[in-house]
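Chain and residue survey
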Number of protein chains: 2
Amino acid sequence: MRSPAELTQAFRQTGLKVTPQRQLLFGLLHGNTSHPSADVLFALASEAMPGISLRTVYQTLNDLAAMGELQSIDFGTGSARFDPNVTDHQHAVCNECDAVHDVRVSRAPKMSGLEGFDIHDAHIVYRGICADCAS
Amino acid sequence: MRSPAELTQAFRQTGLKVTPQRQLLFGLLHGNTSHPSADVLFALASEAMPGISLRTVYQTLNDLAAMGELQSIDFGTGSARFDPNVTDHQHAVCNECDAVHDVRVSRAPKMSGLEGFDIHDAHIVYRGICADCAS
DNA sequence: CTGCTAATTAGCAATTGATGCGAATTGCGT
DNA sequence: ACGCAATTCGCATCAATTGCTAATTAGCAG
């Protein structure tokens, strides 16, 4: 995801408006590696801007995802997780606390045995117990 | 997943009862490589046994999953998919029609860069367009 | 700076996949 | 054949997310 300043440009150029709510979310997401859910972002946003609507959080997240600035990923943890890191990487998910960590790995292996399937991308999810929960 | 006959044994040994509803689902799932959702299974089951409850379908699927006879997988397609193939394999999911295909691949690469994360398993999801939707 | 207009906000209703609950039913060991 | 615990199934409930819409606001043109 680009910086808040760059996103401001990009939004205006697309005909989208840059509201205080959106600027707040830009800031909360930029450089965030915690893979927050909409709920968590809503809680964080509410601290800085009481009264902000959960609906608005979803709206902005969807806008950012549509622009390719972040990815919405479903790890089966009950709610979608949002990742402002759109570079090629993988994830490790804790079975205990549902924490999501970024993982650097060599690319996923080529698949075989499926004729005519046009692969757009591959995603690896490692599951296990994170360092915090292991103690 | 084991054969209906073997499952019948296993269920009784665990103190679970083998009802006509369950036998029907055993049959529908055995050797099924279509990765059906609960909805789809309910539709199939309803043809053979009108009046069967969706609740019962979920119940039986959960029982089978708890016994390790099938896996419930969330591909983010809106509903959980059930896979009676519990051997090591991967999946390819069509972005158009949400079809899920089994894929034979070498194991997922070892991950690196995460200290103290105890990996239990890894799962690769390939996404793209299936042969049917490409035409 | 002012006004205009389309975009946005926010609250509530609605939707969807899945589970909790409980009365009536039924498998199955004795 | 009996009895009890497991099961079925319909309905209510829940959680995550989206639809709807009146009131507000960003941001452009003049």
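Residues numbered from 1 in each chain as written. Chains lettered and ligands numbered in written order. Predicted model: local features only at pLDDT ≥ 70, side-chain atom pairs only at ≥ 80, totals over all residues.

What follows is about the protein's contact with DNA strand C. If you check the shell around DNA strand C, you find 26 residues, and the closest are Leu-16, Ser-53 and Thr-56 of chain A together with Val-18 and Ala-80 of chain B. Breaking the surface near DNA strand C down by element, the ones donating at least two residues are helix H2 (20-29) and helix H4 (54-66) of chain A together with helix H4 (54-66) of chain B. With four residues, the top contributor of residues to the surface near DNA strand C is H4 of chain A. (Near = placed C-beta within 6 Å. Helix = DSSP H or I, 4+ residues; strand = E, 2+ residues; numbered from the N terminus.)

Residues in contact with DNA strand D amount to 26 residues; listed here are only the nearest, Ala-80 of chain A together with Leu-16, Thr-19, Ser-53 and Thr-56 of chain B. Among the elements of the structure, H4 of chain A together with helix H2 (20-29) and H4 of chain B are those that each provide at least two residues to the surface near DNA strand D. At four residues, H4 of chain B tops the list of elements feeding residues into the surface near DNA strand D. A class-by-class count of the residues in the surface near DNA strand D yields seven nonpolar, 13 polar and six charged. (Nonpolar A, V, L, I, M, F, W, Y, C, P; charged D, E, K, R; others polar.)

What follows is about the relation of the copies chain A and chain B. In screw terms, the move from chain A to chain B is a rotation of 180° and a rise of 0.0 Å along the axis, fitting with an RMSD of 0.0 Å. This pairing of chains is accounted for by a two-fold axis. If distances are taken from each C-alpha of chain A to the rotation axis, the shortest is found for Ile-124 of chain A, at 2.2 Å. Counting the interface residues of chain A, we find that 100% of their copies in chain B are interface residues as well, pointing to one common contact surface. (Least-squares fit on C-alpha atoms with pLDDT ≥ 70 in both. Contact = placed C-beta atoms within 7 Å.)

Between chain A and chain B, the contact holds 34 residues from the first and 34 residues from the second. Counting residues per element, the ones that place at least two in the side of chain A that touches chain B are strand E3 (90-94), strand E4 (100-103), strand E5 (118-129) and helix H5 (131-134) of chain A. Considering every element that reaches the side of chain A that touches chain B, the biggest residue donor is E5 of chain A, with 12 residues. Where E5 of chain A meets strand E5 (residues 118-129) of chain B, 11 bridges bridge the pair, whose relative direction is antiparallel. (Pairing = 2+ DSSP bridges.)

The next subject is the pairing of strand E3 (residues 90-94) of chain B. Within a regular strand, the side chains alternate between the two sheet faces. Residue and element names in this part refer to chain B. Summarising burial for E3: five of the five residues are buried, a large majority. Burial along E3 is two-sided: Gln-90, Ala-92 and Cys-94 facing one way and His-91 and Val-93 facing the other are all buried. Pairing analysis gives four bridges linking E3 to strand E4 (residues 100-103), with the strands arranged antiparallel. Of the residues in E4, the one forming a bridge with His-91 is Asp-102. Counted along the chain from E3 to the antiparallel partner E4, the turn is five residues long, and its residue Asp-98 has a positive phi close to 65°. Of the pairings in the sheet, the one linking E3 to E5 comprises four bridges and is parallel in character. Among the inter-strand pairings, Val-93 is bridged to a residue of E5, identified as Arg-127. (Buried ≥ 20, exposed ≤ 12 C-beta atoms within 10 Å, placed from the backbone.)

Grouped together as the largest cluster of nonpolar side chains are 22 residues, with contacts concentrated most on Ala-92, Ile-124 and Tyr-126 of chain A together with Ala-92, Ile-124 and Tyr-126 of chain B. Counting only elements with at least two residues in this core, the list comes to E3 and E5 of chain A together with E3 and E5 of chain B. (Core = buried A, V, L, I, M, F, W, Y, C linked by C-beta atoms within 7 Å.)

Pairing within the open sheet is mixed, and its six strands lie in the order E4(A)-E3(A)-E5(A)-E5(B)-E3(B)-E4(B). This sheet does not close on itself; its edge strands, each paired only once, are E4 of chain A together with E4 of chain B. Pairwise comparison of adjacent strand axes, ignoring direction, gives a mean angle of 30° for this sheet. (Axes fitted to C-alpha atoms, helices over the stretch in contact; angles between N-to-C directions.)

As a further point, take the domain arrangement of chain A. Residue and element names in this part refer to chain A. Domain boundaries in chain A define domain 1 (4-83) and domain 2 (90-134). Relative to domain 2, the C-alpha centre of domain 1 lies at a distance of 24 Å. Facing five residues of domain 1, the contacting portion of domain 2 comprises five residues. (Domains from an automatic or database assignment.)

Our focus in this paragraph is H2 of chain B. Residues and elements named next belong to chain B. Among the residues of H2, those classed as buried are Arg-22, Leu-24, Leu-25, Phe-26 and Leu-29. Of the surrounding secondary structure, the elements contacted by the buried residues of H2 are helix H1 (4-13), helix H3 (38-48) and H4. Directly after H2, the chain includes Gly-31, whose backbone phi takes a positive value near 75°.

On average, residues of chain A score 94 in pLDDT, and 100% of them reach the 70 mark or higher. Here the complex is predicted with pTM 0.93, and the ipTM for its interfaces comes to 0.91. (pLDDT = per-residue confidence, 0-100.)

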